[in-house]
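# A closer look at the structure
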Amino acid sequence: MLKPRQTRQLPASRGVFRSRLVEWFETGARDYPWRRTHDPYAVLVSEIMLQQTQISTVLRKGYYLRFLEAFPDIRALSEADDAALLKAWEGLGYYRRARMLRDTARAVLATSNGNLPEDLDALLDLPGIGPYTAGALRAFAFGKPAVLVDGNVSRVLSRLMDFHEEVDSSAGQKKIWSWAKVLADEQNPRSYHAALMELGQRLCRPKHPDCHACPVSDFCATSAPELLPIKKTCLTTTALAEHAIWVCNDRAQILMHQEQGSQRTGLWKLPIRDSSAVTGLELLTELKYGITRYRVTLRVYQVPVDHPIATPKSGDEWVEEGQIAELAMAAPFRKAIKRVI
Ligand code: SF4
């Protein structure tokens, strides 16, 4: 079926565009826990969680509400120790975000008495808050005029404006943000911005956009939405193998490793050894996972406690098997350990 034709121009008819979009949103908006609050701290937590993690993952197992339960306000988060913080973030990946969120909380406590500021420049001065997060806080927490562009909004705007340049180049982003600014609804920022993002999630999807259900299809300039947005050539993925060892001593303790000196500092995993060292050992389990541009195959080998590679190295520690569940751990290792146990 052909996409509906464009009959209205943007930004000239932006008033009708905004009201059509908001009307569509208000009659069928998805109910997310972060939409039930205007508490700036709770909005900040949701925005940071959603930056590199899909909505379905954040909703699954109640990660968002669980985090807010563990750290209900700025002060509680600012006082969190590494172990509790990483444990509350477990399963969401990109653990650097959790520490950055705590840095933000500490800065807010030090500079604004624990209250996130409404002012755009004051927000941008805080660690971990960039233009998108600052805009989201202004719109969703404070109901103030804002400009914000995420991946969904980039895609929707590139199609609405039939933009045939790379959206992820600095020139492309400048253009997209300038359109976002011109179109933004200053009277109704909460609903408008949530509506534009939801349009990208529900209808203006990366593949198979549903243009016939789209409330703003008559403003949309592209005739081939599937070809947009244009992006810089993706980096190719690189395959990697990780060789983890499962060693149990005569006190029923398991050899674990706590990461140091990386973005995952403080997280636990099974000790890793060279591929040459695990030759001939019994393979207990194998699973695959993706991280940034790497496709990793994680293999876990059974290793007798008196084997040379079972000797603890720096960062390795014996842990009671029953305590492993309490350690903060990246999801692939948690899954591998569950399988082994
Ligand atoms: S779904 Fe996207 S591409 Fe399709 S008409 Fe709406 S804005 Fe345009």
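The notes below deal with the structure included here. (Residues numbered from 1 in each chain as written. Predicted model: local features only at pLDDT ≥ 70, side-chain atom pairs only at ≥ 80, totals over all residues.)

## Concerning the sheet that holds strand 7 (residues 316-320)
- What the three strands build is an open sheet, ordered 3-2-7; its pairing is antiparallel. For this open sheet the edge positions go to strand 3 (268-269) and strand 7, each flanked by a neighbour on one side alone.
- Two strands pair when backbone bridges link them, and strand 2 (residues 253-258) and strand 7 are joined in this way by five bridges, in the antiparallel orientation. Among the inter-strand pairings, H257 is bridged to a residue of strand 7, identified as D316. (Pairing = 2+ DSSP bridges. Helix = DSSP H or I, 4+ residues; strand = E, 2+ residues; numbered from the N terminus.)

## Looking at the environment of V153
- Inspection of the secondary structure puts V153 in helix 10 (residues 151-160).
- Along the chain, V153 and G135 lie 18 residues apart, while their C-alpha atoms are 13 Å from each other.
- Sequence-distant contacts of V153, that is, excluding residues within four places in its chain, are made with A180, L196, M197 and G200. (Contact = placed C-beta atoms within 7 Å.)

## A closer look at the sheet that holds strand 4 (residues 272-273)
- Here four strands make up an open sheet; going across it, the order is 4-1-6-5 and the pairing mixed. Whereas interior strands pair on both sides, the edge strands pair on one side only; in this sheet they are strand 4 and strand 5 (282-291).
- Direction of pairing for strand 5 relative to strand 6 (residues 294-302): antiparallel, over a ladder of nine bridges. Note that in strand 6 the partner of L287 across the bridge is L298.
- Across the sheet, helix 13 (residues 331-340) lies against strand 1 (238-246), strand 5 and strand 6, angled at about 155° from strand 5, the strand it touches most. (Axes fitted to C-alpha atoms, helices over the stretch in contact; angles between N-to-C directions.)

## Section: the nonpolar core
- Judged by nonpolar contacts, the single largest core of 87 residues is most densely connected at L21, V45 and L137.
- Among the elements that make up this core, the one with the highest residue count is helix 2 (residues 40-51) (seven residues).
- Of the residues that make up this core, three or more belong to each of domain 1 (14-225) and domain 2 (238-340).
- The residues contacting L21, other than those within four sequence positions of it, are Y192, A195, L196, L199, P215 and V216. (Core = buried A, V, L, I, M, F, W, Y, C linked by C-beta atoms within 7 Å. Buried ≥ 20, exposed ≤ 12 C-beta atoms within 10 Å, placed from the backbone. Domains from an automatic or database assignment.)

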